[in-house]
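Okay, here's what each chain looks like letter by letter:
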Amino acid sequence: MFRSLRKTMLKRFIGLISIIGAMAASAQDCTTLPANHQNFIEGKKTGEYRIANDQGNATIAVNDKLTFAQYVKQTRALISARNKRAQLPCPLPSLTHVLREDPTVLDHIAPYQLIQSNNNKAVLLIHGLTDSPYIFNAIARDLYRQGFNVRTLLLPGHATAADDLRHVSNQDWQKHVQYAINRMSADFQQFAIMGFSTGAALATIEVSQAQPNNLKALVLVAPATESHNKKSWLAQWVDWVPFMDWLDQDADLDFAKYESFPLAAAALVHNVMVEMMNTNVPNDLPILTIMSDVDATIDSHATLSLLNHWANDHIASLQLRLYSKNGMAVSDKIQVTQISQLDNVVDMSHVGLLIPQSHPYYGREGSYRHCGSYFEDNDAFAACKTAKNITFGEHHAHNKMVYQPLARVTFNPDFNNLSKQVLTFLESHVE
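To keep things clear, this report deals only with the structure shown in the data block. For every chain, the first residue of the written sequence is number 1, and numbering continues from 1 onward in sequence order. Per-residue local features of the predicted model are confined to residues with pLDDT of at least 70, and side-chain atom pairs are confined, for both listing and counting, to 80 or more; whole-chain, interface and lining totals are unaffected and use all residues. By convention in this description, side-chain values take in all heavy atoms of the structure and omit both hydrogens and water.

All right, on to the packing of aromatic side chains then. Any pair of Phe, Tyr and Trp rings, taking the six-membered ring for Trp, is counted once the centres come within 6.5 Å. Such a pair is stacked with planes under 30 degrees apart, edge-to-face with planes over 60 apart, and tilted for the rest. Under the definition given, this model contains 11 aromatic pairs. Where Tyr134 meets Tyr362, the ring centres are 6.1 Å apart and the plane angle is 55 degrees; that geometry is what we call tilted. On the criterion of sequence distance, the pair formed by Tyr134 in the loop between β2 (121-126) and α5 (137-145) and Tyr362 in the loop between β10 (335-339) and α11 (378-386) is long-range, its members being 228 residues apart. Each residue gets one of three labels from its accessible area relative to the maximum for its type: buried under 20%, exposed over 50%, partly exposed in between, using a 1.4 Å probe on protein chains only. On the basis of relative accessibility, which here comes to 7%, the residue Tyr362 falls in the buried class. In this structure an aromatic cluster arises from ring pairing among Tyr134, Phe255, Tyr361, Tyr362 and Tyr368. For the cation-ring pair, Arg50 lies above Trp246, with the distance from its terminal atom to the ring centre recorded as 5.9 Å. Sitting over a ring, as applied to charges here, requires NZ of Lys or CZ of Arg to be within 6 Å of the ring centre and within 35 degrees of the ring normal. The positively charged end of Lys385 is found above the aromatic ring belonging to Tyr368, 4.3 Å away from the centroid. Under the scheme used here, helices are H or I runs from DSSP no shorter than 4 residues and strands are E runs no shorter than 2 residues, and both carry numbers assigned from the N terminus.

Written as structure tokens, this is what we have:
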């Protein structure tokens, strides 16, 4: 009798623990997930958010008959099936007014379009490696308010889990970029492309091979030219070695961007960068480039070398918005706007250029703080996440040595001025 009673009590206790766990999980949302240090410790260990659900393929097939609305619908279905947090509540305000009343992670990271009452002019936005269309929501809002139709693209292998980057190729990326550009050309009278990092390189490569007549301008934000890691080419060989699948294995608590980094992704982006550095853009295409001289992801000197090379034969406008305290050697043919000081930020990072400091998630007081420099040290990571007085800047070696703790700046105090330059540039070329 007592044994039976103990079994019954034990079952009830286990049931109660399960209910409490379920309630805790249901109370979690996309803003509280990265703030919980225990989530970080357990996430690194289990790799739960590193691997996608094994449902369907990691990419969709695209062709010229696929409308953009169909593309969005199919891509949302893919994310919903493979992303373990797709339906997690994500109560962040919409900056683009395309979200439903109770948004989920899916609603924030899926591709979307903002359509005007006419098809006169449009801008295509292409994100970078490990990222998602969420990075564009502030600039997309400004473009739409200025009368532009806006579309965002999701590169294959993104917005699900970092491991999906091991199941796609850079040819898959290029096919999707080609599809999006062809779709823009067919659907709008005139259009421009804004690409960030890898997205900028993919767009440049595609345009250099086939420039639509109604493509009127190109905006390159921190374009992927060369990695700071000069041994990145080794990734394509190391990736074949058993048990050597990852460069970084983080907890991936950022709902909009992968924090873990597979070797396969390094190999893919290396291929893109090599092609980018050997690309000659059409010399009659106006180009605005935005970059930081201390970018810890992309070698800014390689980017400037490429821009200076293009300037030799370029007859259209070449502009550069350069975040730099000391300046760089720029061709006289390039119109430079230099920003040498930023409010309460040491210098500008690769990831912060397109985010206003008031951003509800990545902003100065936002839900997410980038402490990836410390992901191998749990205590240092916790100190960075919780510090009231913290320094924001790019996480290069000098800053990490001088400032403790240091958070990689995920916002730009100069965003409003950047946005104004982008709008002025586009309005002068896309009518």
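Having seen it, we continue.
This next bit is on the pattern of salt bridges. By convention in these notes, a salt bridge is any Lys or Arg side-chain nitrogen within 4 Å of a carboxyl oxygen on Asp or Glu. This model, assessed by the stated rule, comprises 9 salt bridges. Arg76 is paired through a salt bridge with Asp107; the nearest N and O atoms lie 2.9 Å apart. Taken together, the residues span a long stretch of sequence, with Arg76 in helix α3 (residues 68-82) and Asp107 in helix α4 (residues 105-109) at a distance of 31 residues. On the basis of relative accessibility, which here comes to 27%, the residue Arg76 falls in the partly exposed class. Residue Lys257 pairs with Asp131 through a salt bridge whose shortest N-O separation is 3.4 Å. Residue Lys257 is located in the loop between β6 (246-248) and β7 (261-262), and its partner Asp131 is located in the loop between β2 and α5; the two are separated by 126 residues in the primary sequence.

We define the nonpolar core as a collection of buried residues of types Ala, Val, Leu, Ile, Met, Phe, Trp, Tyr and Cys that are connected through side-chain atoms lying within 4.5 Å of one another. The biggest cluster of nonpolar side chains holds 133 residues, and the ones touching the most others in it are Ile193, Phe255 and Leu426. The element best represented in this core is helix α9 (residues 263-277), accounting for 7 residues. Residue contacts follow a heavy-atom distance rule, with two residues in contact if any of their heavy atoms lie within 4.5 Å. With near-sequence residues (within four places) excluded, Ile193 lies in contact with Leu124, Ile126, Ile181, Ala203, Val207, Leu215, Ala217, Leu218 and Val219.

For the rest of this paragraph, the subject is the pairing of β2. Among the 6 residues of β2, 6 are classified as buried, and the element is accordingly described as predominantly covered. Here, any two strands with at least 2 DSSP bridges between them count as paired. Pairing of β2 with strand β4 (residues 190-196), which is carried by 6 bridges, proceeds in the parallel orientation. What sits directly across from Lys121, in β4, is Gln190. The pairing of β2 with strand β3 (residues 149-153) spans 5 bridges and is parallel. Bridging across to β3, Ile126 finds its partner in Leu153.

Using protein atoms alone on a 1 Å grid, points that fit a 1.4 Å probe yet trap it form a cavity, whereas open point sets bounded by protein on both sides within 12 Å along at least five of seven lines form a pocket; residues with an atom within 4 Å of a point count as lining. Grid points are joined across faces, edges and corners, and a volume is the space filled by probe spheres set on the points. Scanning the entire structure with this criterion turns up 6 cavities of 30 Å³ or more. Within this model, the largest cavity holds a volume of roughly 100 Å³. In the scheme used here, Gly and all other residues not listed as nonpolar or charged are polar, with Ala, Val, Leu, Ile, Met, Phe, Trp, Tyr, Cys and Pro taken as nonpolar and Asp, Glu, Lys and Arg as charged. The class makeup of the residues in the lining of the largest cavity is 5 nonpolar, 2 polar and 3 charged.

On to the environment of Val422. Assignment of secondary structure puts Val422 in helix α13 (residues 415-427). Residue classification places Val422 among the buried positions, given a relative accessible area of 0%. Taking C-alpha positions, Val422 is 9.5 Å from Met194, a pair spaced 228 residues apart along the chain. The residues contacting Val422, other than those within four sequence positions of it, are Met194, Leu288 and Ile290.

For the bond running from Gln404 to Pro405, omega is -5 degrees, close enough to zero to count as cis. Topologically, Pro405 is positioned in the loop between α12 (397-402) and β12 (406-408). Of note in this structure, Thr130 is not a glycine but carries a positive phi near 70 degrees. Topologically, Thr130 is positioned in the loop between β2 and α5. Positive phi values are uncommon outside glycine, yet Asp252 reaches one of about 55 degrees. Checked against the element boundaries, Asp252 lands in the loop between β6 and β7.

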